[in-house]
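# An overview of the molecular structure
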Amino acid sequence: MEINKYFVRDIPRREFLARTVKSGIAIAATPALVSQLVSCGGISDSMKPDVSTEMLDKAMHKALEKGGDF
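This structure is a prediction, so every number in the text was calculated from the model and none was measured. (Residues numbered from 1 in each chain as written. Predicted model: local features only at pLDDT ≥ 70, side-chain atom pairs only at ≥ 80, totals over all residues. Heavy atoms only, no water.)

## Comments concerning the overall build of the protein
Put simply, the test is: Secondary structure elements follow DSSP: runs of H or I of four or more residues count as helices, runs of E of two or more count as strands, with numbering from the N terminus. The buried label goes to any residue with under 20% of its type's maximum accessible area, the exposed label to any with over 50%, and the partly exposed label to all in between, with areas taken from a 1.4 Å probe on protein chains only. Here the Shrake-Rupley method, with its probe set to 1.4 Å, supplies the accessible areas, and only the displayed protein chains count as covering residues.
Looking only at helices and strands, the protein has two helices and two strands in total. Element order for the protein, N to C, with α for helix and β for strand: β-β-α-α. Counting every position in the protein, which comprises 70 residues, the buried fraction comes to 0%. Accessible area of the protein: about 7100 Å², with a carbon and sulfur share of 62%.

## Description of the pattern of salt bridges
Definition in use: Salt bridge, as used here, is a side-chain nitrogen of Lys or Arg placed within 4 Å of a carboxyl oxygen of Asp or Glu.
Applying the stated rule across the entire model yields two salt bridges. The partner of glutamate 15 in a salt bridge is arginine 19, with the nearest N and O atoms 2.5 Å apart. Of this pair, glutamate 15 and arginine 19 both sit in helix 1 (residues 13–39), four residues apart, which is roughly one turn of the helix. Lysine 62 serves as the salt-bridge partner of glutamate 65, at 3.3 Å between the closest nitrogen and oxygen. A relative accessible area of 41% means that glutamate 65 is categorised as partly exposed.

## Comments concerning helix 1
Using the following cut-off: Take the residue count of a helix, subtract one, and multiply by 1.5 Å to get its expected span. For a residue, the bend is simply the angle between two axes, fitted respectively to the seven-residue segment ending there and the seven-residue segment starting there.
Between its first and last C-alpha, helix 1 extends 40 Å over 27 residues, near the 39 Å set by a 1.5 Å rise per residue. Maximal helix bending in helix 1 amounts to about 35°, located at threonine 30; proline proline 31 follows within four positions.

## Some details on the confidence of the model for the protein
To be explicit about the condition: How sure the predictor is of each residue is captured by pLDDT, a score from 0 to 100.
Summary statistics for the protein give a mean pLDDT of 77 and a share of 73% for residues scoring 70 or more. Model confidence for the protein, summarised as mean pLDDT per element, is weakest for strand 1 (residues 3–4) at 58 and strongest for helix 2 (residues 53–64) at 86.

Shown next, in the form of structure tokens:
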């Protein structure tokens with residue numbers, strides 16, 4: 001597609017329709033996506049894993065014992 005001043009030159013019909021559909025879907029989905037992003041308030045306590053510092057120390061020791069790099 002070439003733009004010559006204020007006029008758009010020929011664009012195939014299929015490409016025009018595909019772009020129109022994609023744009024329509026993006027416009028229709030935007031409010032739902034934005035509301036999902038805004039409603040995220042972080043991780044609640046019920047979603048946090050119950051991991052003790054001893055368990056983390058054991059896991060780190062096991063990972064580093066054969067030459068792993070922190």
